[in-house]
Each structure stands twice: as C-alpha cells, then as structure tokens.
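# Tertiary structure, described
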Amino acid sequence: MLSLEFPGARQLIDAIDAAVALPDPAATTESLRNALCRLIRNPEVQLPACVFEREDDHYARRELYRSERHGYSVVAMTWGPRQGTPVHDHAGQWCVEGVWQGTLEITPFELVETRDGRYRFEPRGTMNAGPGSAGSLIPPHEYHAIQNPSDDATAVSVHIYQRPLDACCKFQPSDGNWYTRDECQLALDETH
Ligand SMILES: [Fe+2]
C-alpha cells in the first residue's frame, strides 16, 4: 500500500521485496543496506516534498509504504536541528536505516545487564552518517540513539522496519550507565 506517490517508489519497493525474500535477517538487512545506498544516490528516486518539511517540536515520522504481502513498513523521518531520540529498542524487529539528506549522529548501545527493572547500557561508538550511508539493527542488537547534530540543517532518513513500529521502549539515564525504561507509542505524522 503506497501511502505517498513519488518517482522511483517502484524501484524502492522492488528492492525491498527482493531483500525480504532472502532466508535470514542478516542476508535481508545486508541486501537492504546495499539497496538503500544505491537508491539514495539514484536521481530517479525523489522522495515526496513533505518529507523535507520539519516539525518544530518533534522529529517527524511519515510512512511512505506498508507491504500488505510481506508486512514491512517504510518510514521517512525528518530531523530538525538538534532533534533526536533517547536510547530505544525496536520491539525485537530488524530495521535498516539510510540517510537521505544531512547528517545523523548514531550511537549503538549494548544492553549488558538488567537488574530490579533497570537496564545497564554501554555505548558502542558514535558515528556520523551522511547521505548515501545505511546501517541496520538485528535483535538482540537493537538499541541505539539518533540525533541531528546540526544547528541549522534538516536531516532526512528512510527506515525499513520488519513490521510497522507503533510502539517501542525508550530508556532514560538514571545513574551512570543505568537507565529506566518507558514503553511508548510511536505516532505517524500527516503526509500530503
Ligand atoms: Fe531506531
């Protein structure tokens, strides 16, 4: 189900359909990373204009496509200056994320201990990802934080989720590397 019409949508969907037919998450996500890197650089693929419009008070999530046949969901995210996420999980699903415009600062976290309802995470190195780069999360390695480090530029990324991600857990630092967990609903922003 295409939520938004845009040039090159069919190329994107065909590439994802081929990737999800592969036998395991490692193969699927590797294929998706390569496909996203290629598609981001392909001038025939033009994301819809609304994807480049930022929201003042939150990073925007706009669904581009949801596959009724395969169950995956494609969401474009728009990050205003300094907008970002806390550490969060992906509800046990794989995800591939590519930077379409601007730069995103991405920090993977490893869950190393759980005790008394608290969670100890260790960061695994922050990277700055620019246009045409893509990364993936495969459970149990599914924790990260994302931020647009720019003071003025908008960043846009495209996320392919194994299943629509309408809820996840966000983790707030409480003491050193210990975090508390909140279950959160994830909303989608309007498309036009
Ligand atoms: Fe994420």
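Refer to the preceding data block for the structure.
Remember, it's a predicted structure, so these values are computed and weren't measured experimentally. (Residues numbered from 1 in each chain as written. Predicted model: local features only at pLDDT ≥ 70, side-chain atom pairs only at ≥ 80, totals over all residues. Heavy atoms only, no water.)

## Observations concerning the environment of Y161
Stated formally: Numbering of helices and strands runs from the N terminus; a helix is a DSSP stretch of H or I covering at least four residues, while a strand is a stretch of E covering at least two. Counting of polar contacts relies on pairs of N or O atoms within 3.5 Å, with two restrictions inside protein: one atom must be capable of donating a hydrogen and the other of accepting it, and residues adjacent in sequence are counted only when both atoms are side-chain atoms.
Tracing the sequence through the fold places Y161 in strand β10 (residues 155-161). Each C-alpha atom of the pair Y161 and S73 lies 5.2 Å from the other, and the pair is 88 residues apart in sequence. Looking at Y161, its side chain comes within polar contact range of the side chain of R61, at 3.4 Å.

## As for the layout of surface pockets
What counts here: Cavity and pocket criteria rest on a 1 Å grid covering protein atoms alone: a 1.4 Å probe that fits but cannot get out defines a cavity, protein on both sides within 12 Å along at least 5 of 7 lines defines an open pocket, and an atom within 4 Å of a point defines a lining residue. Grid points are joined across faces, edges and corners, and a volume is the space filled by probe spheres set on the points.
Roughly 310 Å³ of volume is contained in the largest pocket. As for the largest pocket, its lining consists of 21 residues, of which I106, M127, G135, S136 and H144 are closest to the centre. Taken together, the elements giving at least two residues each to the lining of the largest pocket come down to β4 (95-101), β5 (104-115), β7 (127-129), β8 (134-137), β9 (143-147) and β10. Examining the composition of the lining of the largest pocket, we find that 5 residues originate from one element, β5, more than from any other.

## What about empty space enclosed by the protein?
Applied cut-off: Amino acids outside the nonpolar list (Ala, Val, Leu, Ile, Met, Phe, Trp, Tyr, Cys, Pro) and the charged list (Asp, Glu, Lys, Arg) are all regarded as polar, and Gly is one of them.
The final tally for this structure, using the stated rule, is 1 cavity of 30 Å³ or more. What the largest cavity holds in volume is close to 110 Å³. Lining the largest cavity we find 16 residues, and of these Y59, M77, H88, H90 and Y161 sit closest to its centre. Residues that form the lining of the largest cavity fall into these classes: 8 nonpolar, 5 polar and 3 charged.

## Some words on the coordination of the iron ion
Spelled out, the test is: Donor atoms: N, O and S within 2.8 Å of the metal, or within 3.2 Å for Na, K and Ca. Because water is excluded, sites can look incomplete. Only protein chains enter the area calculation, which uses a 1.4 Å probe; residues under 20% of their type maximum are buried, those over 50% are exposed, and those in between are partly exposed.
Of the protein atoms, only H88 (NE2), H90 (NE2) and H144 (NE2) coordinate the iron ion, at distances of 2.1 Å. For the iron ion, the single-chain donor residues occur in sequence as H-x1-H-x53-H. Separated by 56 residues along the polypeptide, H88 in strand β3 (residues 87-88) and H144 in strand β9 bring together distant segments of the chain. When its relative accessible area of 8% is taken as the criterion, H88 is described as buried.

## What to know about the state of the cysteines
Basically, it comes down to this: Two cysteine sulfur atoms form a disulfide, by the criterion used here, when they sit within 2.5 Å.
For the coordinates displayed, the defined rule picks out 0 disulfides. Unpaired in terms of disulfides, C95 finds its nearest cysteine sulfur in C168, a separation of 11 Å. The class for C95 is buried, based on a relative accessible area of 0%. With no disulfide of its own, C168 has C184 as its nearest cysteine by sulfur position, at a separation of 6.0 Å. Judged by its relative accessible area of 7%, C168 falls in the buried class.

## A word on the packing of aromatic side chains
Here the distance between the centres and the angle between the planes together describe a pair of aromatic rings. Heads up, the rule is: Whether two aromatic rings pair depends on their centres lying within 6.5 Å, for rings of Phe, Tyr and Trp, where Trp uses its six-membered ring; planes under 30 degrees apart make the pair stacked, over 60 edge-to-face, and the rest tilted.
Counting across every chain of the model gives 9 aromatic pairs. Measuring from centroid to centroid gives 4.4 Å for Y59 and W79, while their planes differ by 15°, and the two rings are stacked. Of this pair, Y59 sits in the loop between α2 (25-40) and β1 (60-66) while W79 sits in strand β2 (residues 73-79), and the two are 20 residues apart along the sequence. Y59 sits in the buried class, given a relative accessible area of 16%.

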